[in-house]
Amino acid sequence: MSSNIVHRYFKKEWEGSIILVRVNPVHLKGTELVVHPDGTVDQRDLVFDEAIFDDLAADDFKESSALEFQLYFSGLAGV
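Everything in this summary refers to the structure shown in the same document.

Conventions we followed
Residues numbered from 1 in each chain as written. Predicted model: local features only at pLDDT ≥ 70, side-chain atom pairs only at ≥ 80, totals over all residues. Heavy atoms only, no water. Salt bridge = Lys/Arg side-chain N within 4 Å of Asp/Glu carboxyl O. Helix = DSSP H or I, 4+ residues; strand = E, 2+ residues; numbered from the N terminus. Buried < 20%, exposed > 50% of the residue type's maximum accessible area, 1.4 Å probe, protein only. Phe/Tyr/Trp six-rings, centres within 6.5 Å; stacked < 30°, edge-to-face > 60°. Lys NZ or Arg CZ within 6 Å of the ring centre and 35° of its normal.

**Points about the pattern of salt bridges**
Now for step 1: Within the structure shown, the criterion is met by three salt bridges.
Now for step 2: A salt bridge links Glu63 to Arg8; its shortest N-O distance comes to 2.4 Å. Pair noted here: Glu63 is in strand E5 (residues 62-63) and Arg8 is in strand E1 (residues 8-14), with a separation of 55 residues, a long-range link.
Now for step 3: Between Glu32 and Arg44 there is a salt bridge, with its nearest N and O atoms 2.7 Å apart. Remark: Arg44 occurs in strand E4 (residues 41-47) and Glu32 occurs in strand E3 (residues 29-35); sequence separation between them is 12 residues.
Now for step 4: Glu32 gets classed as buried once you look at its relative accessible area, which sits at 15%.
Now for step 5: A residue is classified by how much of its surface remains accessible, and Arg44, at 47% relative accessible area, is partly exposed.

And the structure:
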């Protein structure tokens, strides 16, 4: 059985890097990408708790586009 889940995306710039976060709001799992100034991208899978959206807001993350996340995730975006 498949389910249709609409992920939410967030972005923050920090110390010259771009941090992008994809959150699955149903299963509270996600992926974080850190795009460094030299163009390298670090990726890690995360498990969140129910307060994730409050935590992201407190850390000054803003809602962003799925397209930007997917371009970096697939390696198609360049810096």
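Past the structure itself, the notes keep going.
**Some remarks on the side chain of Ser17**
Now for step 1: In this fold, Ser17 is placed in strand E2 (residues 17-24).
Now for step 2: With relative accessibility at 10%, the residue Ser17 sits in the buried group.

**Some details on the packing of aromatic side chains**
Now for step 1: The final tally for this structure, using the stated rule, is three aromatic pairs.
Now for step 2: Ring centres of Tyr9 and Phe69 lie 5.4 Å apart, and the angle between their planes is 55°; this geometry places the pair in the tilted category. Separated by 60 residues along the polypeptide, Tyr9 in strand E1 and Phe69 in helix H2 (residues 66-74) bring together distant segments of the chain.
Now for step 3: The interplanar angle of 45° and the centroid separation of 5.9 Å between the aromatic rings of Phe10 and Phe53 together place this pair among those described as tilted. In this pair, Phe10 sits in strand E1 while Phe53 sits in helix H1 (residues 52-58), placing the two residues 43 residues apart along the sequence.
Now for step 4: Owing to a relative accessible area of 5%, Phe10 belongs among the buried residues under this scheme.
Now for step 5: Ring-pair connections join several aromatic residues into one group, and the members of that group are Tyr9, Phe69 and Phe73.
Now for step 6: The residue whose ring lies beneath Arg8 is Phe53, and the NZ or CZ to ring-centre distance is 4.2 Å.
Now for step 7: A cation sits over an aromatic face here: Arg22 above Phe73, 4.9 Å from the ring centre.

Honestly, that's just the spatial picture; any functional story needs more than this.
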